[in-house]
Amino acid sequence: MTSGLAVFFAIFPTGCIMIRLRALFARGLRRSAAARLLLAGAYKRVLVAGSATQMDRDLVLADLANSTGYYRVSPADTPEAELRFAEGKRFVMARILHHLRMPRELQQALEDA
């Protein structure tokens, strides 16, 4: 791991490295060009090229959890169409996590990412 990327990671007692999206991406939709390139490259290596590193896998998993809103709760007054859409996104992430069967420590690391 290069020193420039060290800020993007949290190392857990299990030895797992989970990318902290909060460190990599600012809140909201604004992302730097470098962050967008890093994320796009990670997705390509994970889903297409077959040359993914653990960093790539962690980044993609954390981005999916974030972009699907998996760990967020919809407000009670959410319109039904929006709620259905949000629940559909969360279902996709739940299916991915079901098939991964991650240990509890890694699940917690993902939630914190």
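Use the structure listed above.
Residues numbered from 1 in each chain as written. Predicted model: local features only at pLDDT ≥ 70, side-chain atom pairs only at ≥ 80, totals over all residues. Heavy atoms only, no water.

Caption draft 1: Looking closely at the overall build of the chain. Within the chain, the regular secondary structure consists of five helices and two strands. Counted from the first residue to the last, the chain has its helices and strands arranged as β-β-α-α-α-α-α. The buried share of the chain, reckoned over its 113 residues, is 30%. Once local pairs closer than 6 in sequence are excluded, the contacts in the chain between residues at least 24 apart make up 47%. Carbon and sulfur atoms make up 60% of the accessible area of the chain, which totals about 7,700 Å². (Helix = DSSP H or I, 4+ residues; strand = E, 2+ residues; numbered from the N terminus. Buried < 20%, exposed > 50% of the residue type's maximum accessible area, 1.4 Å probe, protein only. Contact = heavy atoms within 4.5 Å. Areas by Shrake-Rupley, 256 points an atom, 1.4 Å probe, with all protein chains shown as cover.)

Caption draft 2: Quick look at the pattern of salt bridges. The full count for this structure, using the stated rule, is three salt bridges. Here aspartate 56 ties to arginine 45 by a salt bridge, and the two come within 2.7 Å at their closest N and O atoms. A residue pair is termed long-range when its members are at least 10 positions apart, and aspartate 56 in helix 3 (residues 54-67) and arginine 45 in helix 2 (residues 33-49) qualify at 11 residues. Arginine 90 is the partner of glutamate 87 in a salt bridge, and the nearest nitrogen-oxygen pair spans 2.5 Å. Taken together, the residues glutamate 87 and arginine 90, both in helix 4 (residues 80-100) and three residues apart, mark about one turn of the helix. A residue is classified by how much of its surface remains accessible, and arginine 90, at 12% relative accessible area, is buried. (Salt bridge = Lys/Arg side-chain N within 4 Å of Asp/Glu carboxyl O.)

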